[in-house]
Amino acid sequence: MKATLLFLLFTFSTMLNAQTNSCACCTEKHADFDFWVGEWQVTNPDGSKAGTNTITKSQNNCLLQENWKSANGKVTGTSNNFYNYKTKQWEQIWVDNMGGSLHLKGERKGNQMIMQTDDEKNKNGETFYHRVTWTLNDDGSVHQYWETITNGKDVTVAFDGLYVKK
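Residues numbered from 1 in each chain as written. Predicted model: local features only at pLDDT ≥ 70, side-chain atom pairs only at ≥ 80, totals over all residues. Heavy atoms only, no water.

Caption draft 1: How the structure looks around the overall build of the protein chain. Helix and strand counts for the protein chain come out as one helix and 11 strands. Starting at the N terminus and walking to the C terminus, you meet the elements of the protein chain as α-β-β-β-β-β-β-β-β-β-β-β. Put simply, the protein chain has 166 residues, and 31% of those count as buried. For the protein chain, long-range pairs separated by at least 24 residues make up 31% of all intrachain contacts whose partners lie at least 6 apart in sequence. Carbon and sulfur atoms make up 55% of the accessible area of the protein chain, which totals about 10,200 Å². (Helix = DSSP H or I, 4+ residues; strand = E, 2+ residues; numbered from the N terminus. Buried < 20%, exposed > 50% of the residue type's maximum accessible area, 1.4 Å probe, protein only. Contact = heavy atoms within 4.5 Å. Areas by Shrake-Rupley, 256 points an atom, 1.4 Å probe, with all protein chains shown as cover.)

Caption draft 2: Focus on the layout of surface pockets. When its volume is computed, the largest pocket comes out at roughly 310 Å³. Lining the largest pocket are 19 residues, with Trp-68, Trp-94, Gln-144, Trp-146 and Phe-159 positioned closest to its centre. Tallied by class, the residues present in the lining of the largest pocket amount to 13 nonpolar, four polar and two charged. (1 Å grid on protein atoms, 1.4 Å probe; cavity = no way out; pocket = protein on both sides within 12 Å on 5 of 7 lines; lining within 4 Å. Points joined across faces, edges and corners; volume = space filled by probe spheres on them. Nonpolar A, V, L, I, M, F, W, Y, C, P; charged D, E, K, R; others polar.)

Caption draft 3: Representation of the pairing of strand β6 (residues 101–109) in the model. Pairing of strand β5 (residues 89–96) with β6, which is carried by six bridges, proceeds in the antiparallel orientation. From the neighbouring strand, Glu-91 faces β6, where its bridge partner is Lys-105. Hairpin connection from β5 to β6: four residues lie between these consecutive antiparallel strands, with Gly-99 at a positive phi of about 90 degrees. With five bridges connecting them, β6 and strand β7 (residues 112–116) associate as antiparallel partners. Looking at β7, one finds that Gly-106 is bridged to Met-115. Once β6 ends, the chain turns through two residues before running back antiparallel as β7, passing Gly-110 with a positive phi of about 60 degrees. (Pairing = 2+ DSSP bridges.)

Caption draft 4: Structural detail: the pairing of strand β3 (residues 63–70). Pairing of strand β2 (residues 49–58) with β3, which is carried by eight bridges, proceeds in the antiparallel orientation. Within the sheet, the bridge partner assigned to Ser-58 lies in β3 and is Leu-63. In this structure, the hairpin formed by β2 and β3 is closed by a connection of four residues, where Gln-59 is found at a positive phi of approximately 55 degrees. Two elements, β3 and strand β4 (residues 76–84), share six bridges in a ladder whose sense is antiparallel. Residue Lys-69 lies in a different strand from β4, and its bridge partner there is Thr-76. What sits between the antiparallel neighbours β3 and β4 is a turn of five residues, in which Gly-73 has the positive phi angle 75 degrees.

Caption draft 5: Molecular detail of unusual backbone geometry. Unlike most non-glycine residues, Gln-59 shows phi in positive territory, near 55 degrees. Tracing the backbone shows Gln-59 in the loop between β2 and β3. A relative accessible area of 58% places Gln-59 in the exposed class.

Caption draft 6: Examining the environment of Cys-25 more closely. With respect to the element layout, Cys-25 can be found in the loop between α1 (2–20) and β1 (38–43). Spatially, the C-alpha atom of Cys-25 lies 9.9 Å from that of Tyr-85, the residues being 60 residues apart in sequence. When neighbours within four sequence positions are excluded, Cys-25 is seen to be in contact with His-30, Asn-60, Asn-61 and Cys-62.

Treat this as a map of the structure, not an account of what it does.
If you want it as structure tokens, here you go:
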């Protein structure tokens, strides 16, 4: 009898909790990067094909997952993007098949999502960081611009791609 009562109380509290918290990540903040969701053809600034990218939402809207494939098929990568309640910012963790990885953090400003890495040191002892900006264009396309900034002033473009939905 006691076990049955405990089971019923547990079941009722679980059901009540599920009804009140059915989508913990269905907030405006969790939708900040939704403009990147979709099946994309990605081109370089000269119009040549850079690759394809599929961005999906999962885990009850808590995760935005990217799956990249370069035009030549040699480079693939996956990123997990999420709004971090603790830090009050977006984060991206990228890993590719070449052993590369990035951990970006940032926020949406207007029609842009801007994230960057923490400072690191290159082989010459110079401080650098990566900054990636995704811009939602009026036509629904997305411009991704990845910069590496050394010594706070020297900028190298690592990637410049235009995302157009398939």
